[in-house]
Amino acid sequence: MVLDLYRRMDEVPVMPPFLVRDVDARRVAERHRERMARQGVTLRVPRGRRPLGGMAAVGLIFDQQEALLDALAGDYTARHWADVVPDLRRAYPALGAAFDAFAGDERVSAADVRRMVPAALRDADPLRDGPARALEFLYRGWQVRQQVVVEGRPMSLVPVVSGDTQGDTPSFTPVVKRMGAAWWRMGWPGDPAPYSPREFAGDDVRVVLPQVWAVYSEWYQGDQERWYRQVQGRAGGVPDHIYHRVWAARLHDGEPLGFGVPAEVTLHNVSHARLFRVVAGERQVILKTSAQVAVRLAIAAGGQGFLYPPAPDVAEVEAAYLGLIARRGEQATMVEAEADTGKLAPLTGVEPDGACVVRVSGPGGKASITVAWLSGHPAALAIVSGDAFPARAALVRDRSGQKLGLIPFSFKTRKLDKGDVWAGTPVNGLSPGTPGGRRALSAWAAWVWQGRAGQKRYQPGGKR
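Residues numbered from 1 in each chain as written. Predicted model: local features only at pLDDT ≥ 70, side-chain atom pairs only at ≥ 80, totals over all residues. Heavy atoms only, no water.

## Describing the confidence of the model for the protein
Per-chain confidence: the protein averages 91 in pLDDT, with 97% of residues scoring 70 or above. Taking the mean pLDDT of every element in the protein, the minimum, 88, falls on strand β8 (residues 283–288) and the maximum, 98, on strand β1 (residues 155–156). (pLDDT = per-residue confidence, 0-100. Helix = DSSP H or I, 4+ residues; strand = E, 2+ residues; numbered from the N terminus.)

## Structural notes on the sheet that holds β8
Here we have four strands laid out as an open sheet, ordered β5-β6-β7-β8, and antiparallel in their pairing. Pairing within the sheet leaves two strands with one partner each, and these edge strands are β5 (257–259) and β8. Neighbouring strand axes in the sheet, compared pairwise and without regard to direction, differ in orientation by 20° on average. Of the pairings in the sheet, the one linking strand β6 (residues 265–271) to strand β7 (residues 275–280) comprises six bridges and is antiparallel in character. Residue pairing in the sheet places V265 in a bridge with A280 of β7. Contacting β7 and β8, helix α8 (residues 205–235) crosses the sheet at an angle of about 85° to β8. (Pairing = 2+ DSSP bridges. Axes fitted to C-alpha atoms, helices over the stretch in contact; angles between N-to-C directions. Contact = heavy atoms within 4.5 Å.)

## Observations regarding the packing of aromatic side chains
Applying the stated criterion to the full structure yields 13 aromatic pairs. Relative to W142, the ring of Y139 lies with its centre 5.9 Å away and its plane at 20°, an arrangement referred to as stacked. Placement of the pair is Y139 and W142 together in helix α7 (residues 130–150), with a separation of three residues, close to one helical turn. For W142, a relative accessible area of 10% gives the class buried. Each member of the aromatic cluster is reached from another via a ring pair, and the members are F172, Y195, Y216, W219 and Y220. Over the face of the ring belonging to F137 we find R140, whose NZ or CZ atom lies 4.4 Å from the ring centre. One Lys or Arg, R185, reaches over the ring of W188 and ends 4.7 Å from the middle of that ring. (Phe/Tyr/Trp six-rings, centres within 6.5 Å; stacked < 30°, edge-to-face > 60°. Buried < 20%, exposed > 50% of the residue type's maximum accessible area, 1.4 Å probe, protein only. Lys NZ or Arg CZ within 6 Å of the ring centre and 35° of its normal.)

## A word on the packing of helix α11 (residues 314–325) against helix α12 (residues 435–452)
Closest axis-to-axis distance for the α11/α12 pair is 8 Å, and the angle between their directions is 20°. When the axes of α11 and α12 are compared, the pair comes out roughly parallel. Between α11 and α12 the crossing geometry is left-handed. Mapping the contact onto sequence places V314, V317, E318, Y321, L324 and I325 in α11 and G436, G437, R439, A440, A443, W444, A446, W447 and Q450 in α12. Per-class residue counts for the contact of α11 with α12 are 10 nonpolar, three polar and two charged. (Parallel < 35°, antiparallel > 145°, perpendicular 65-115°, else oblique. Left-handed = near helix turned anticlockwise from the far one by under 90°. Nonpolar A, V, L, I, M, F, W, Y, C, P; charged D, E, K, R; others polar.)

## A short note on the layout of surface pockets
The computed volume of the largest pocket comes to approximately 1400 Å³. Taken together, 37 residues make up the lining of the largest pocket; nearest its centre are I61, V161, S162, T165 and Q166. Of all the elements, helix α2 (residues 54–73) adds the most residues to the lining of the largest pocket, at nine residues. Looking at the lining of the largest pocket residue by residue, the classes come out as 21 nonpolar, 14 polar and two charged. As a volume, the second largest pocket reaches approximately 420 Å³. As for the second largest pocket, its lining consists of 23 residues, of which V396, R397, D398, G405 and I407 are closest to the centre. Mapped by element, the contributors of at least two residues to the lining of the second largest pocket are β13 (393–397), β14 (403–408) and β15 (423–426). Of the residues contributing to the lining of the second largest pocket, the split by class is 11 nonpolar, four polar and eight charged. (1 Å grid on protein atoms, 1.4 Å probe; cavity = no way out; pocket = protein on both sides within 12 Å on 5 of 7 lines; lining within 4 Å. Points joined across faces, edges and corners; volume = space filled by probe spheres on them.)

## Structural notes on the environment of V45
Inspection of the secondary structure puts V45 in the loop between α1 (25–37) and α2. Exposure remark for V45: the relative accessible area of 16% places this residue in the buried category. As for V45 and V28, which are separated by 17 residues in sequence, their C-alpha atoms are 10 Å apart.

## Brief notes about the nonpolar core
Across soluble globular proteins, nonpolar side chains have a tendency to be buried as a group. Residues F259, L267, V295, V358 and W444 are the most contacted members of the largest nonpolar core, which totals 66 residues. Examining the composition of this core, we find that nine residues originate from one element, α12, more than from any other. Among all residues touching L267, those that are not within four sequence positions of it are L251, P256, L257, F259, F276, R277, V278, A294, V295 and A298. Membership of the second largest hydrophobic core comes to 52 residues, among which are V14, Y92, L95 and M155. (Core = buried A, V, L, I, M, F, W, Y, C linked by side-chain atoms within 4.5 Å.)

## Some points on the sheet that holds β15
Read across the sheet, seven strands follow the order β9-β10-β11-β12-β13-β14-β15 without closing on themselves; strand pairing throughout is antiparallel. Either end of the sheet is taken by a strand with one partner, and the two such strands are β9 (331–337) and β15. Each adjacent strand pair in this sheet contributes to an overall mean axis angle of 20°, direction not counted. Judged from the four bridges that link them, β14 and β15 form a sheet pairing that is antiparallel. Counterpart to K403 in the pairing with β15 is P426. The sheet contacts of α11 involve β9 and β10 (351–362), and relative to β9 the element is tilted by about 125°. The sheet strands contacting α12 are β9, β10, β11 (365–375), β12 (380–386), β13, β14 and β15, and the helix crosses β11 at an angle near 125°.

## A short note on α12
In a regular helix each residue adds 1.5 Å, so 18 residues correspond to 26 Å; α12 covers 26 Å between its end C-alpha atoms and thus fits that length. Taken across its 18 residues, α12 has 14 buried, putting it largely inside the fold. (Expected span 1.5 Å × (residues − 1).)

## Quick notes on the pattern of salt bridges
Applying the stated criterion to the full structure yields 29 salt bridges. Note that D75 is salt-bridged to R206, the shortest N-O span being 2.9 Å. Of this pair, D75 sits in the loop between α2 and α3 (76–81) while R206 sits in helix α8, placing them 131 residues apart in sequence. Residue R115 is joined to D112 by a salt bridge in which the shortest nitrogen-to-oxygen separation is 3.5 Å. Here R115 pairs with D112, and both are found in helix α6 (residues 110–121), just three residues apart, close to one helical turn. By relative accessible area, which is 52% here, R115 ends up exposed. Accessibility expressed as a relative area gives 32% for D112, which makes it partly exposed. The structure contains a network of salt bridges with shared partners spanning D22, D24, R27, R31, R35, D63 and E66. (Salt bridge = Lys/Arg side-chain N within 4 Å of Asp/Glu carboxyl O.)

So this is what it looks like as structure tokens:
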């Protein structure tokens, strides 16, 4: 269960409404370009059909913040909807008093506005009816000011736009409350952080709220960074594992991962495999990283010991690593073949036991990586070689038989360089004695070889 951000409160906070009138992505991006230009920062809006990327998303965040500030200051109607108010008065003649209230007439009864406007919108469809949409937005802007500035209710500081991609704030309650004519308070009594709550003096909401938002950002980042530093230290001790990148592939495809049975930690792909949400007990943290790093951090987030998702089957392991071997525009497939004794060098006196050959084809041509399996060797299970580079490595098992490692051969000694393990993994039932286990291990070993064999130090004459 995710931490209730407002559990220390004895009041229900106001959730700010969405207030941006124009959400066309290109116009949002253009407004953001103009906004940044006023600050001396030059941005370019992509032309034609080129994607606007994060520019429109960031612009919408600023648009919402500016609209909310206008609403709290009482200027929302005049600054955002003044051009349509005359038409709205004609479309809704019974709401004259409500439009006066929207324009800032505080003599109008708030109870009357709250009665009249919802009744007028009850049978309307703001998504298709332009006047109804305008009326709804005007009411939103008036309502948030009435609740927060006039009535003094606490307001949530979690952003309306992008708030669902934020972590929680365990050290403080993310609210601001007007306590008097010139006194605002951020946070809540009883917050764990010694710096919360904090008071802000001022009677101008346009001056106070930007200060509050800046402090909120500082406190929020502090909470996130404290969690990250703690878990990152533990993640450094997470042993390498053949399944890590398989789980990362699942996550990349949008499948949430549960760690532990039952799941004590869950990991979600929030945005394009670049932004992830970790939910660990009562903590929710957002990570901007790769899927693989997110998996390692989630493994380490479970408190005592490490937590892992359910093991994938051998077919999924094979498919994941073949997908990693094939770069953009390429295709990687695996075939089983007889082992060529030449592929077993530099080992001598060993017998082949079949081979798994990964064939890579694409615009750049064809290449292959061969995992030649051995029969009867006390430690080495297979030799990995390929067309692209001369380096070779052996898949070996440790003395306990519970771990595997891929170790390169030295060109100088023609022996395994045991001080340089390319990658390792627990066996986890991936037995080379079964066809599926052998194929899965072959795909992994071929992927490791592809990533390491081309490095300069592993070429003849390289410093190894």
